[in-house]
Amino acid sequence: MAAKVLVVGSGGREHALAVSLAQSPMVEKIICAPGNPGTESSKIERTTAVSTSNQSDLARWCKENSISLVVIGPEAPLAEGLADTLAAVHVPCFGPSASAARIEASKAFAKEFMTRHAIPTARWASFTEAEAACAHVDSADYDALVVKASGLAAGKGVVVAEDREAAKTAIRSMIQDKQFGSAGETIVLEECLVGEEISVIAFCDGKVAVSLPPAQDHKRLLEGNTGPNTGGMGAYSPCPQVSAATLEVIQKEVLQKAVDGMRQEGFPYIGALYAGLMLTKDGPKVLEYNCRFGDPETQVLMPLVKSDLYATMKACTEGHLHTAMPEYHTDRAAAAVILASQGYPGSYSKGKVITGCEQACELPGVQIFHAGTKRSEEPVRGESVGSLVTSGGRVLAVAASADSLRRAVEQAYKAVQCVSFEGAQYRKDIGALGLK
C-alpha cells in the first residue's frame, strides 16, 4: 500500500526532508503541517486542516487520514510529547519520546546524562541562583565562560563570553532578568573549549545509531565567524578535515553511547540524534545534543542521501534499522548559503518580494529550501497577489551538490546571485574551513 507521510514543521529543514522522502517509490504523498510555499509540488502538499499544537487532534487526524509515518522536524513538539501521543494511538513516528527529548530540552539533564555515561564533554556546573553562578565563574579551575539556558530557547540561549565579567552579565540576564523566560530558570556554566566545531547526526532505532556524513554549520552572522549568533547562516558536508579515526570515536563514544545509555535508563531513542561537537586537542567533545535534525545541516545532508529515506525512517520506528541502512553519495559534497532578512538576528521587516528562485534552480545541482517565506495576500510593489515574499529571519537556503566541495560552494554562490529580495544578507565564506 502506498504510504502517506506527515512532516511536522514549516522551515527549510522540513522542506529538505519532504523533498527526500518524496523520492521514495513507497511514498504516495507527503503532507506538511503547516509547511511553506516550497512544500508544494506534485507529491508534496501543505495542510492547515490540523493544528500541530493540539496533539490529540493531530493524532486523531493522522488516524483518520491513514498516515503511515509522522516525521517531526522541530524540537518543541518532541519536548512536549507529540511522539508519545502518536504512539498511544499506534501511529509510527520518527522522533523521540518526551523522556528521550530531554537530551535537548534540558541542558542540565543532558550534562548529567553525559557524566553518568562517561561521554566526553566540557567540564560544567548548573545553577538556579545568579550569585552562586557568578561565584563559580571566579572560582572554577577552568574558564567557565560558556553560559547556557538549560531549557529550549529557539537556539539562542547560549553565550560564549569573552571574559568573566561578560559571563556574569549573561548569567544575570538569564536568571534575574528572565531573558529567555522559564528556559533560563536553570543555567549551565561550561568550560570554554577550543577547536573546530562540527555536527554529526545519526539515525537511531532505540538500539543502534548510524551516522550521516559530518557537517559544519556557520552560526555567526558575519564572515570569519564574527557578529551575533544566529540559527545558522550556512553549512557544508562532508568535512574533509574530519578523519575517519575521529568519526569512529564520535560514532562509538558519542552517538552509540548515548543510545545505549537512554535504552539502559528506560527511554529508548528513536529518531535523529544530533551531536554538536568541538574537535579539541584531546579529541572530540560534545557541546550539545539535539533531539532532531539540524537546520541548516539537513539542507546539505539530504542531497547526499542515496538510499530510500522513508524506508530508513520507518525501519527506525520498528526497531530494525539494520534492514534499511542509509547510504550516501561518497563521491559528492553539498553546500548551502542562507539568505536572511535585513536586521536578522534582531528585528527585521517582512513582506519583501523574492525573485529569481526558478532561475537559480535551473543551475545543475541547485536546490532552494524555503524557511521564512509565504505567499502575499495583496499586491506588493506591482507584483500580483500570491507572489513569494519574505516572512522570517532566515528566508531561503540556497543549496548545491557537486563532485567536490569546492564546486558545490561555487555553484551555491552562483545560485545566490540569481535570487533577490530587498535587504537580503548572507555570508560569503561558507565552506572556507573545509577548503583550506
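Residue positions are given per chain, counting from 1 as you read along its sequence in written order. The predicted nature of this model means local features are confined to residues of pLDDT at least 70 and side-chain atom pairs, given and counted, to a pLDDT of 80 or more, with totals for whole chains, interfaces and linings taken over all residues. Only heavy atoms go into the side-chain values, all of them from the structure, while hydrogens and water stay out.

Asks: Help me get a handle on the overall build of the protein chain, residues and values and all.
Replies: Across its full length, the protein chain holds 13 helices and 22 strands. The quantity called the radius of gyration is restricted to C-alpha atoms. Its globule counterpart is 2.2 Å times the number of residues to the power 0.38. For 436 residues, the compact-globule estimate of 2.2 N^0.38 gives 22 Å, and the protein chain sits close to it at 21 Å. Judged by the C-alpha coordinates and their principal axes, the protein chain covers about 60 × 45 × 40 Å. In this scheme, a residue with accessible area under 20% of its type's maximum is buried, one over 50% is exposed, and one in between is partly exposed, where area comes from a 1.4 Å probe on protein chains only. Every one of the 436 residues in the protein chain was classed for burial, and the buried ones make up 57%. For this analysis, residues touch if any pair of their heavy atoms sits within 4.5 Å. Restricting the contact set of the protein chain to residue pairs at least 6 apart, pairs at least 24 apart contribute 69%. The accessible surface values rely on the Shrake-Rupley method and a 1.4 Å probe; as for residues, cover is taken only from the protein chains in view. Entry remark: accessible area of the protein chain is about 17700 Å², with carbon and sulfur atoms responsible for 49%. Helix and strand definitions follow DSSP, with helices as H or I runs of at least four residues and strands as E runs of at least two, each counted in order from the N terminus.

Asks: Just give me the short version of unusual backbone geometry, but keep the residues and values in it.
Replies: What is expected of a backbone is that most residues other than glycine have negative phi and most peptide bonds are trans. Residue Ala33 is joined to Pro34 through a cis peptide bond whose omega torsion reads 0°. Of note, Pro34 is situated in strand E2 (residues 27–34). A cis amide bond links Ser237 with the next residue in sequence, Pro238, at an omega value of -5°. As for its placement among the helices and strands, Pro238 is situated in the loop between strand E15 (234–237) and helix H9 (244–264). Phi angles above zero are rare outside glycine, and Ala118 is one such case at about 55°. With respect to the element layout, Ala118 can be found in the loop between helix H6 (107–116) and strand E6 (124–127).

Asks: Talk me through the sheet that holds strand E7 (residues 146–149); I want residue IDs and the actual numbers.
Replies: For two strands to be treated as a pair, DSSP must find no fewer than two bridges joining them. If you trace the 4 strands from one edge of the open sheet to the other, you get E6-E9-E7-E8, paired in antiparallel fashion. In this open sheet, the two strands that pair with only one neighbour each are E6 and strand E8 (158–160). Going across the sheet, the axis of each strand differs from the next one's by a mean of 15°, ignoring polarity. Every angle, taken between N-to-C directions, lies between 0 and 180 degrees, and every axis is a line fitted to C-alpha atoms, over only the stretch in contact when it is a helix. With respect to the sheet, H6 is in contact with E6, E7, E8 and strand E9 (187–190), its orientation differing from that of E6 by roughly 145°.

Asks: Report on helix H11 (residues 309–317), specifying residues and quantitative values.
Replies: Most of H11 sits out of view: 8 of its 9 residues are buried. Considered for burial, the residues of H11 that qualify are Leu309, Tyr310, Ala311, Thr312, Met313, Lys314, Ala315 and Cys316. Pairs of N or O atoms are called polar contacts if they sit within 3.5 Å, as long as, within protein, a hydrogen donor faces a hydrogen acceptor (for residues adjacent in sequence, only side-chain-to-side-chain pairs). Where H11 begins, the side chain of Asp308 points an oxygen toward the backbone nitrogen of Tyr310, at a separation of 3.0 Å. Backbone geometry just after H11 places Gly319 at a positive phi near 75°.

Asks: Describe the pairing of strand E4 (residues 69–72), and please don't skip the residues or the numbers.
Replies: Burial of E4 is two-sided: the residues Leu69 and Val71 facing one way and the residues Val70 and Ile72 facing the other way are all buried. The sheet contact formed by E4 and strand E5 (residues 93–94) spans 2 bridges and is parallel. Residue Val71 lies in a different strand from E5, and its bridge partner there is Phe94.

Asks: Which residues make up the packing of helix H1 (residues 12–21) against H11, and what values go with them?
Replies: The geometry of H1 relative to H11 is characterised by a closest axis approach of 8 Å and an angle of 105° between their N-to-C directions. One finds that H1 runs roughly perpendicular with respect to H11. Where H1 abuts H11, its residues Leu17, Ser20 and Leu21 lie against Leu309, Tyr310 and Met313. Charged residues are taken to be Asp, Glu, Lys and Arg, nonpolar residues to be Ala, Val, Leu, Ile, Met, Phe, Trp, Tyr, Cys and Pro, and polar residues to be all remaining types, Gly included. Of the residues in the contact of H1 with H11, the class split is 5 nonpolar, 1 polar and no charged. To sort the angles, those under 35 degrees are grouped as roughly parallel, those over 145 as roughly antiparallel, those from 65 to 115 as roughly perpendicular, and the leftovers as oblique.

Asks: Run through the packing of aromatic side chains, naming residues and quoting values.
Replies: Working definition: a ring pair exists when centres of Phe, Tyr or Trp rings (six-membered ring for Trp) sit within 6.5 Å. Plane angles under 30 degrees give stacked, over 60 give edge-to-face, the rest tilted. What the rule picks out here adds up to 6 aromatic pairs. Between Tyr413 and Tyr426, the aromatic rings sit 6.3 Å apart at their centres with planes inclined by 45°, giving tilted as the arrangement. Of this pair, Tyr413 sits in helix H13 (residues 405–416) while Tyr426 is found in the segment after H13, placing the two residues 13 residues apart along the sequence. Here Tyr426 falls in the partly exposed class, since its relative accessible area comes to 22%. The structure contains a cluster of three or more aromatic residues connected by ring pairs, namely Phe94, Phe203 and Phe293. Whether a charge sits over a ring depends on NZ of Lys or CZ of Arg being within 6 Å of the ring centre and within 35 degrees of the ring normal. The positively charged end of Arg102 is found above the aromatic ring belonging to Phe267, 5.0 Å away from the centroid. Its end group placed over the ring of Tyr426, Lys428 keeps NZ or CZ at 4.7 Å from the ring centre.

Asks: Tell me about the nonpolar core, and name the residues and values.
Replies: Think of a nonpolar core as a cluster: buried Ala, Val, Leu, Ile, Met, Phe, Trp, Tyr and Cys residues, connected wherever their side-chain atoms sit within 4.5 Å. Counting residues in hydrophobic clusters, the biggest one holds 76 residues, and the most contacted among them are Leu6, Val70, Leu86, Leu255, Leu273 and Tyr289. Per element, the largest residue contribution to this core is 7 residues, and it comes from H13. When near neighbours in sequence (up to four residues on either side) are disregarded, Leu255 contacts Val200, Ala202, Ala209, Ser211, Ile250, Leu273 and Ala275.

Asks: Talk me through the sheet that holds strand E1 (residues 3–9); I want residue IDs and the actual numbers.
Replies: Sheet strands pair via backbone hydrogen bonds, and the direction of the pair is either parallel or antiparallel. Ordered by their spatial adjacency, 5 strands build an open sheet running E3-E2-E1-E4-E5, and the pairing between neighbours is parallel. Lying at the two open borders of the sheet, with one neighbouring strand each, are strand E3 (44–46) and E5. Of the strands in this sheet, E1, E2 and E4 touch helix H2 (residues 55–64), which is tilted by about 160° from E1. Packing against the sheet, H11 makes contact with E1, E2, E4 and E5, and its axis sits at approximately 95° to E4.

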